[in-house]
Amino acid sequence: MSFPKDFYWGGATAANQCEGAYNVDGRGLAKTDVTTAGTATTPRGITYRLPSGETGLAPQFTPYPKDAKGAILDGYYYPNHNAIDFYHHYKEDIALFAEMGFKMFRMSISWSRIFPNGIEEEPNKKGLDFYRDVFEELKKYNIEPLVTISHYDTPLYLEEELDGWKNRKLISLFDRYTEVLFNEYKGLVKYWLTFNEINSLLMFKDFIHNMSKDDIANNYKALHNQFVASARAVQRAHSIDPEYKVGCMIAGACSYPLTCAPEDVLKNQKKMQDSFYYCGDVMVRGEYPVFAKRLWKEDNVNLEYTEEDIKDLKEGKVDFFSFSYYSTTCTSADKNVAKDGLGNFSLGSKNPYIQYSEWGWGMDPIGLRYYLNEIYNRYEIPVMVVENGLGAIDELTEDKKVHDQYRIEYLREHIKSMEGALEDGVDLIAYTPWGCIDLISASTGEMKKRYGFIYVDLDNEGNGTMQRYKKDSFEWYKKVISSNGEELGL
Ligand code: BG6
């Protein structure tokens, strides 16, 4: 069994990590614009200013001092400000995607480009025009856009003045934002994703050290508001254009029991429920799963919701399921077992049977087939793998080549696994590997953690020509696509 003939081969990016032009054409700020760079071992920081004028830097994901507001300060480097300047290079970049034969391009819209503070009555025309130009450029090459509406860049004003997604007001502001998008891009876009890695809010409770009980409980509330906002977006999309397909996007927080000890198996089942299925179940089945009550009790959550919320969730079920897949971790019930196995926002024990990347993320291609089966058999709606890839250090040789055989091997094994899942009967319709062109890393803000088929000449400090170069993986992926997954270069 090979890939279906209309399979969507492509690549994925996000606005804040590639566009740059952070203050151009009326765009407002997002939290990423006050975020500095970190490394695999030092967290990124948020720069802020207090009403007294005093300034400071707080590690990302820790609350900054009361009354402080995120601020751009002299003497700091903010990698997302210019990113890889897709804003001004999109024609050249899309031409390269087309040369590889892309059928789909996943990108996101920066909310603050459309509504600079998130609260305006009318959208920013220049922001709307930019995305229209991008979609039209994609259309020229028959590349289908897959558009994430919110990818880690809520307008800073909403985060700070309205307390972010904990505030129900964001539901209606998001509704207005999506209404504008769905009307504006009718006929140009078909596939939408509401929130990127929506489950990351729950994964943070393991991932972020010493998260307070209140913060954990608040994240459930924020998540509930996002569920409702997403469900309303699904309904609105369908009412504006019945051709629209809207999906969820869940971080593949996939894990195995570390051993076959029943305690490990049980603990892992719970982990999968808490960090993965909790979100999938609400968004695909339209209601909270039975284990939600257990989870709320454990985390001391008193979730307030209205009758209308319940109705919205039911009526706003997604059309397809999408997820990111980079790695797996292991779960142990034994507290003495080290949590030294890393993944995308996930933490667990190391798996002795898999290899680890330079950033410590476990690489587990077989796991992709396993999870595709798990997901499809649970939800039975079309599935997309919308992020996958190897963040690695690439070397640009003097003759401007990048020999990234390691990336080819990583991707090839995952593609073989997807082929296996198709044989198993999974209705897999798209594969958009992450960072198809090098971009700023979300977790570390580094440039040297590269995923692309296209090398961008830019370093961790923002030096470079921004020139694009094709890596070896570029030609390899081009063949994969033209042979519809037959020629994997084995
Ligand atoms: C996912 C995000 O978490 O993983 C992307 O959706 C991110 O935004 C990707 O870039 C890879 O993570 P990182 O930290 O290596 O950039």
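Heads up: the structure comes first, above all this text.
Note that the coordinates shown come from a computational prediction; the quantities given were computed from them, not determined experimentally.

Rolling a probe over the atoms, with the probe sized like a water molecule, indicates the empty space that remains. Enumeration over the complete set of coordinates arrives at five cavities of 30 Å³ or more. Size it by volume and the largest cavity reaches roughly 60 Å³. Looking at the lining of the largest cavity residue by residue, the class counts come to six nonpolar, four polar and one charged.

Turning to the nonpolar core, a few remarks are in order. In this structure, Tyr278, Phe321 and Phe323 are the most contacted members of the largest nonpolar core, which totals 141 residues. Among the elements that take part in this core, helix α9 (residues 213-240) stands out by supplying 13 residues, more than any other. Leave out the neighbours within four places in its chain, and phenylalanine 321 touches Cys248, Ile250, Phe276, Gly280, Val284, Ile375, Tyr379, Ile381, Pro382, Val383 and Met384. Among the nonpolar cores identified, the runner-up in size contains 10 residues, and Tyr8, Met104, Val386 and Ala430 belong to it.

Here the focus is the sheet that holds strand β4 (residues 69-70). The strand order across the open sheet built from three strands is β3-β2-β4, with neighbouring strands paired in antiparallel fashion. Two strands bound the open sheet, and with one partner strand each, they are β3 (55-59) and β4. One ladder, built from five bridges, connects strand β2 (residues 45-49) with β3; its direction is antiparallel. Note that in β3 the partner of isoleucine 46 across the bridge is alanine 58.

We now examine helix α10 (residues 262-285). Between its first and last C-alpha, α10 extends only 29 Å over 24 residues, short of the 34 Å set by a 1.5 Å rise per residue. Where α10 bends most, at tyrosine 277, the angle is about 55°. Where α10 ends, the next residue or the one after it, glycine 286, has phi of about 80°, a positive value.

Turning to the pairing of strand β1 (residues 8-12), a few remarks are in order. In terms of burial, β1 is largely enclosed, as five of its five residues are buried. Covered by surrounding structure in β1 are Tyr8, Gly10 and Ala12 together with Trp9 and Gly11, the residues of both alternating faces. As judged from the two bridges shared by β1 and strand β17 (residues 428-431), these two strands associate in the parallel manner. Across the sheet, residue tyrosine 8 finds its bridge partner in β17, namely alanine 430.

The next subject is the pattern of salt bridges. All told, the structure shown has 36 salt bridges when counted by the stated rule. Here glutamate 308 ties to arginine 232 by a salt bridge, and the two come within 3.9 Å at their closest N and O atoms. Pair noted here: glutamate 308 is in helix α12 (residues 307-315) and arginine 232 is in helix α9, with a separation of 76 residues, a long-range link. Salt-bridge contacts for lysine 314 lead to glutamate 287; the nearest nitrogen and oxygen are separated by 3.5 Å. Taken as a pair, lysine 314 in helix α12 and glutamate 287 in the loop between α10 and α11 (292-298) lie far apart in primary sequence, 27 residues in all. The class for lysine 314 is partly exposed, based on a relative accessible area of 45%. Beyond isolated ion pairs, a larger network of salt bridges with shared partners links Asp394, Asp404, Arg407, Asp438, Arg450 and Lys471.

Let us look at the sheet that holds strand β10 (residues 320-324). Ordered in space as β1-β5-β6-β7-β8-β10-β16-β17, the eight strands form a closed barrel in which the pairing is parallel. Across the sheet, the mean angle separating the axes of adjacent strands is 30° when strand polarity is ignored. Across five bridges, the pairing between strand β8 (residues 245-251) and β10 is parallel. Directly across from methionine 249, in β10, lies its bridge partner serine 322. Together, β6 (144-150) and β7 (191-195) form the strand contacts of helix α7 (residues 169-184), whose direction differs from that of β6 by roughly 165°. Contacting β7 and β8, α9 runs over the sheet at an angle of about 160° to β7.

Calculation notes
- Residues numbered from 1 in each chain as written.
- Predicted model: local features only at pLDDT ≥ 70, side-chain atom pairs only at ≥ 80, totals over all residues.
- Heavy atoms only, no water.
- 1 Å grid on protein atoms, 1.4 Å probe; cavity = no way out; pocket = protein on both sides within 12 Å on 5 of 7 lines; lining within 4 Å.
- Points joined across faces, edges and corners; volume = space filled by probe spheres on them.
- Nonpolar A, V, L, I, M, F, W, Y, C, P; charged D, E, K, R; others polar.
- Core = buried A, V, L, I, M, F, W, Y, C linked by side-chain atoms within 4.5 Å.
- Buried < 20%, exposed > 50% of the residue type's maximum accessible area, 1.4 Å probe, protein only.
- Helix = DSSP H or I, 4+ residues; strand = E, 2+ residues; numbered from the N terminus.
- Contact = heavy atoms within 4.5 Å.
- Pairing = 2+ DSSP bridges.
- Expected span 1.5 Å × (residues − 1).
- Bend = angle between axes of the 7 residues up to and from the residue.
- Salt bridge = Lys/Arg side-chain N within 4 Å of Asp/Glu carboxyl O.
- Axes fitted to C-alpha atoms, helices over the stretch in contact; angles between N-to-C directions.

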